[in-house]
Amino acid sequence: MEKSLVIIKPDGVSKKVVGKIITYFENQDLNIEKLKMMKISRELACKHYNEHRDKDFFKQLLEYITSGNVAVMVISGYNAIKKIRDIMGPTDPKKAKAGTIRGDYGTDITVNVVHGSDSKESAAREIKLFFLNNS
Ligand code: CDP
Ligand code: MG
């Protein structure tokens, strides 16, 4: 059993596809363990995306991820981290196949609907960041 931190980003919430996106995961035998709606602060966004702080897209990424409500989840299941990344599709929606979340709902390489942890280490770090004190 693995856990992953998944975020339905502001474009997913404003397009009203939160329910549809959760269904992609549930249909692949994954479990929604935790779920909350929140607006990500600049401070939390900086911590979450710390690995990208020196990239040219960082400022744009911060603007986007803090621009509106998001749905944050802990999702568990067998091989959950890779499974979730496969269900999401590649970072750039233009390269994502139909049937993946980014292929079906993504706009561009920044505005790409979902986040999913990329490793066990990232998942542990991100779950701690978003569900402090296990709440
Ligand atoms: O989210 P993922 O792990 O697939 O991609 P990433 O390389 O870790 O990048 C994190 C996020 O930064 C992406 O999901 C995009 O929202 C954004 N990004 C961007 O705006 N421009 C890029 N060239 C690459 C990523
Ligand atoms: Mg990433």
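Above this note sits the structure.
Quick notes on the rules
- Residues numbered from 1 in each chain as written.
- Chains lettered and ligands numbered in written order.
- Predicted model: local features only at pLDDT ≥ 70, side-chain atom pairs only at ≥ 80, totals over all residues.
- Heavy atoms only, no water.
- Helix = DSSP H or I, 4+ residues; strand = E, 2+ residues; numbered from the N terminus.
- Rg over C-alpha atoms; globule rule 2.2 N^0.38 Å.
- Buried < 20%, exposed > 50% of the residue type's maximum accessible area, 1.4 Å probe, protein only.
- Near = heavy atom within 4 Å.
- Polar contact = N/O pair within 3.5 Å; in protein donor to acceptor, adjacent residues only side chain to side chain.
- Areas by Shrake-Rupley, 256 points an atom, 1.4 Å probe, with all protein chains shown as cover.
- Nonpolar A, V, L, I, M, F, W, Y, C, P; charged D, E, K, R; others polar.
- Pairing = 2+ DSSP bridges.
- Axes fitted to C-alpha atoms, helices over the stretch in contact; angles between N-to-C directions.

1. A short note on the overall build of the protein chain
Step number 1: Secondary structure assignment for the protein chain yields seven helices and four strands.
Step number 2: Each helix (α) and strand (β) of the protein chain, taken in turn from the N terminus, gives the series β-α-α-β-α-α-β-α-α-β-α.
Step number 3: For the protein chain, whose C-alpha radius of gyration is 14 Å, the value lies close to the compact-globule estimate of 14 Å for 135 residues.
Step number 4: Each principal axis of the C-alpha distribution contributes one length, and for the protein chain these read about 35 × 35 × 25 Å.
Step number 5: A total of 135 residues make up the protein chain; the buried ones form 48% of that total.

2. Here we look at the site of ligand 1
Step number 1: Within the structure, ligand 1 sits among Lys9, Tyr49, His52, Phe57, Leu61, Arg85, Thr91, Arg102, Ile109, Thr110 and Asn112.
Step number 2: At 2.9 Å, a side-chain N or O of Arg85 approaches an oxygen atom of ligand 1.
Step number 3: When ligand 1 sits alone it has 500 Å² of accessible area, and the protein chains cover 83% of it.
Step number 4: Broken down by class, the residue content of the shell around ligand 1 amounts to four nonpolar, four polar and three charged.

3. Some words on the sheet that holds strand 4 (residues 114-116)
Step number 1: Strands sit in the order 2-3-1-4 across an open sheet of four strands; the sheet is antiparallel. A strand with exactly one partner marks an edge of an open sheet, and here the two such strands are strand 2 (31-39) and strand 4. Geometrically, the sheet is characterised by an average inter-axis angle of 20° between neighbouring strands, direction not taken into account.
Step number 2: Relative to strand 3 (residues 69-77), strand 1 (residues 2-8) runs antiparallel, the two sharing seven bridges. Pairing of Glu2 across the sheet is with Gly77, part of strand 3.

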